[in-house]
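Architecture and fold: a report
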Amino acid sequence: MTRVARPRPARNVAEPAAARAAVSDTALLAAAGRAAESRRPDPLVTDPLAESFLDAVAPPVLDPSRKAMGERVARLLGDMFILRTRYFDDELTRFTASGGRQCVLLGAGLDTRAYRLRLPSTTTVYELDLPPTLEFKDSVLLGRSERPVCRRIPVRADLATDWTTPLIRAGFDPRARTAWLAEGLLLYLTARQGDRLLATLTAHSAPHSMVLVEHVNRAAQTAAAGRAVAEWVAALGEPWRSELDDPARWLARFGWTGRVHDIRELALTHRRPVPPFAGTESGDDRRVWCVSATPRNP
């Protein structure tokens, strides 16, 4: 979540004020995490485009108390963003390696997987988000020399309304197996909205499809660290609206069988410190879920 102190001027992008209005702060925070990770000597994620998104916007003017709070939140989250991103990177790579050729990123934000993952050129990645976000993103990408490794299709849609119609019009085939990714999304939806989203994508999923989701349980949100992070994102205008204590059971209601991983497990796998937000004690009941699910009856 490290912000760049003095961004370099960017070319061929929207004016800073317009850019900041077009893209959410949480999307910028995730991009900042990928940019910082890319500078490490042992990165779990490498994203050469992340810095460009930060360059395209003016840094927020924060009073000292809010700046201090932001730094505290960064310490509490630690490598959480990167650990979840690496997990979903690996799952999507395996999905395409096994023959899957259709990926849908729900609330894609500033995601750059169509550029940075080793996906077959025959893969299509649909990026669903609000028009201002995608317009900002495309304006930045136009100023770069990188090109997507596969077919990338931005889809301007609001997940609160009918989003499958514009997705199908963009070329999505409900008869083809699909990997659906909801990263950094469900927290910002109510439980009812999350149910509706899962029911909708389930109705448009062919056999052998995959759902990738991330969520946080109530214990993690109500602990002192969780309250601090929740207050911070709420101050950014993007409050958390739901929690999930049993992701496997939730997915099973819609016909999916999930493989559930806790962020602490992923930290151990990649030899990274457990994010304080997730609880560092062995008996702690705080959970940050990263889940890969497949249809129960493929």
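For the structure itself, consult the block above.
In what follows, the accompanying structure is described. Please read all numbers here as calculations on a predicted model, not as lab measurements. (Residues numbered from 1 in each chain as written. Predicted model: local features only at pLDDT ≥ 70, side-chain atom pairs only at ≥ 80, totals over all residues. Heavy atoms only, no water.)

Quick notes on the overall build of the protein
Filter applied, for reference: Secondary structure elements follow DSSP: runs of H or I no shorter than four residues count as helices, runs of E no shorter than two count as strands, and numbering proceeds from the N terminus. We call a residue buried when its accessible area falls under 20% of the maximum for its residue type, exposed when it is over 50%, and partly exposed in between, using a 1.4 Å probe and counting protein chains only. To be clear on the numbers: accessible area is Shrake-Rupley with a 1.4 Å probe, and residue cover counts the displayed protein chains and nothing else.
Each helix and strand in the protein was counted, giving 13 helices and 7 strands. For the protein, buried positions account for 52% of its 298 residues. Summed over all atoms, the accessible surface of the protein reaches about 13,800 Å², with 52% contributed by carbon and sulfur.

Digging into the packing of aromatic side chains
Put simply, the rule reads: A pair of aromatic rings is counted whenever rings of Phe, Tyr or Trp (Trp by its six-membered ring) have centres within 6.5 Å, and the orientation is called stacked for planes under 30 degrees apart, edge-to-face for over 60 and tilted otherwise.
Scanning the model with the defined rule gives 7 aromatic pairs in all. Through a chain of ring-to-ring contacts, the aromatic side chains of Tyr-126, Trp-163, Phe-172 and Trp-180 assemble into a single cluster.

Quick notes on helix 5 (residues 80-97)
Operational definition: Here, expected helix span is obtained from the residue count minus one, scaled by 1.5 Å.
With 18 residues, helix 5 ought to run about 26 Å at 1.5 Å a step, and its terminal C-alpha atoms sit 26 Å apart, in line with that. For helix 5, a buried count of 13 out of 18 residues is recorded, marking the element as mostly surrounded by other parts of the structure. Just downstream of helix 5 lies Gly-99, where phi reads positive at about 110°.

Examining the pairing of strand 3 (residues 151-156)
Counted only if it meets this: Strand pairing is assigned whenever DSSP identifies at least 2 bridges connecting the two strands. For a crossover, the right-handed case is the one in which the path from the first strand over the helix to the second runs clockwise, viewed with the strands pointing away from the viewer.
Relative to strand 3, strand 2 (residues 124-129) is paired through 6 bridges, and the arrangement is parallel. Counterpart to Tyr-126 in the pairing with strand 3 is Ile-153. Read from strand 2 through helix 7 (residues 131-141) to strand 3, the crossover connection turns out right-handed.

A word on the pattern of salt bridges
Counted only if it meets this: For this analysis, a salt bridge means a side-chain nitrogen from Lys or Arg found within 4 Å of a carboxyl oxygen belonging to Asp or Glu.
Applying the stated criterion to the full structure yields 25 salt bridges. Between Arg-39 and Glu-51 there is a salt bridge; the shortest N-O distance is 2.7 Å. Highlighted residues: Arg-39 in the loop between helix 2 (25-38) and helix 3 (50-55) and Glu-51 in helix 3, separated in sequence by 12 residues. For Glu-51, a relative accessible area of 17% gives the class buried. Between Asp-262 and Arg-287 there is a salt bridge; the shortest N-O distance is 3.8 Å. You can see Asp-262 sitting in strand 6 (residues 256-262) and its partner Arg-287 sitting in the loop between helix 13 (263-269) and strand 7 (288-295), a full 25 residues away along the chain. Of the residues examined, Asp-262 reaches a relative accessible area of 10% and is grouped as buried. Among the ionic contacts, a cluster of salt bridges with common partners joins Arg-84, Asp-89, Asp-111, Arg-113, Arg-116, Glu-183 and Glu-214.

Notes on the side chain of Arg-84
Under the convention used in this document: By definition, residues are in contact when any of their heavy atoms lie within 4.5 Å.
Locating Arg-84 in the fold gives a position in helix 5. Owing to a relative accessible area of 10%, Arg-84 belongs among the buried residues under this scheme. When residues no more than four places from it in sequence are discounted, the contact partners of Arg-84 are Glu-183, Gly-184, Glu-214, Ile-263 and Cys-290.

Here's the deal with helix 9 (residues 191-203)
Applicable threshold: As used here, the arc belongs to the directions running from the helix axis to the C-beta atoms.
The terminal C-alpha atoms of helix 9, which comprises 13 residues, lie 18 Å apart, in line with the 18 Å expected from a rise of 1.5 Å per residue. Three or more residues of helix 9 are buried, namely Gly-194, Leu-197, Leu-198 and Leu-201. Considered in projection along helix 9, the buried side chains sweep an arc of 95° and stay on one side of the axis. Of the residues in helix 9, the exposed ones pointing more than 90 degrees away from the buried face are Arg-192 and Ala-203.

Section: the sheet that holds strand 5 (residues 210-216)
Sheets are built from strands paired through backbone hydrogen bonds, the pairs being either parallel or antiparallel. Put simply, the test is: For helices, the axis comes from a line fit to the C-alpha atoms of the stretch in contact; other axes are also lines fit to C-alpha atoms, and the angle between any two N-to-C directions lies between 0 and 180 degrees.
Reading across from one edge, 3-2-1-4-5-7-6 is the order of the 7 strands in this open sheet, with mixed pairing throughout. Pairing within the sheet leaves two strands with one partner each, and these edge strands are strand 3 and strand 6. When the angles between neighbouring strand axes are averaged without regard to direction, this sheet yields 20°. Looking at chain direction, strand 5 and strand 7 are connected through 6 bridges and run antiparallel. Looking across to strand 7, one finds that Val-211 is bridged to Ala-293. Contacts between helix 7 and the sheet are confined to strand 2 and strand 3, with strand 3 contributing the most and set at about 145° to the helix. Sitting on the sheet, helix 9 touches strand 1 (102-106), strand 4 (179-182), strand 5 and strand 6, and the angle it makes with strand 6 is about 130°.

Focus: the nonpolar core
Considering soluble globular proteins, one finds that nonpolar side chains tend to be buried as a cluster. Our working rule: Residues belong to one nonpolar core when they are buried, are Ala, Val, Leu, Ile, Met, Phe, Trp, Tyr or Cys, and are joined through side-chain atoms within 4.5 Å.
Counting residues in each nonpolar core, the largest one holds 61 residues, and the members touching the most others are Leu-110, Phe-136, Ile-263 and Phe-277. The element best represented in this core is helix 5, accounting for 8 residues. Not counting residues within four places of it along the chain, the set of residues in contact with Leu-110 comprises Val-23, Ala-27, Leu-28, Ala-31, Arg-34, Phe-53, Phe-136 and Lys-137. Core analysis: the next-biggest nonpolar cluster, separate from the first, contains 28 residues, Phe-172, Leu-189, Leu-198 and Val-213 among them.

Side note on empty space enclosed by the protein
Quick reminder of the rule: Residues are said to line a cavity or pocket when one of their atoms sits within 4 Å of a point; the points come from a 1 Å grid over protein atoms alone, cavities being sets where a 1.4 Å probe fits but cannot get out and pockets being open sets with protein on both sides within 12 Å along at least five of seven lines. Grid points are joined across faces, edges and corners, and a volume is the space filled by probe spheres set on the points. Each residue is assigned to one class: nonpolar for Ala, Val, Leu, Ile, Met, Phe, Trp, Tyr, Cys and Pro, charged for Asp, Glu, Lys and Arg, and polar for all the others, Gly among them.
Enumeration according to the criterion identifies 2 cavities of 30 Å³ or more in this entry. Of the volumes computed, that of the second largest cavity is approximately 50 Å³. Forming the boundary of the second largest cavity are 13 residues, of which Ala-182, Leu-197, Leu-198, Leu-201 and Val-213 lie nearest the centre. Elements supplying a minimum of two residues to the lining of the second largest cavity: strand 4, helix 9 and strand 5. Looking at which element gives the most residues to the lining of the second largest cavity, the answer is helix 9, with 4 residues. A breakdown of the residues in the lining of the second largest cavity according to their chemical character gives 12 nonpolar, 1 polar and no charged.

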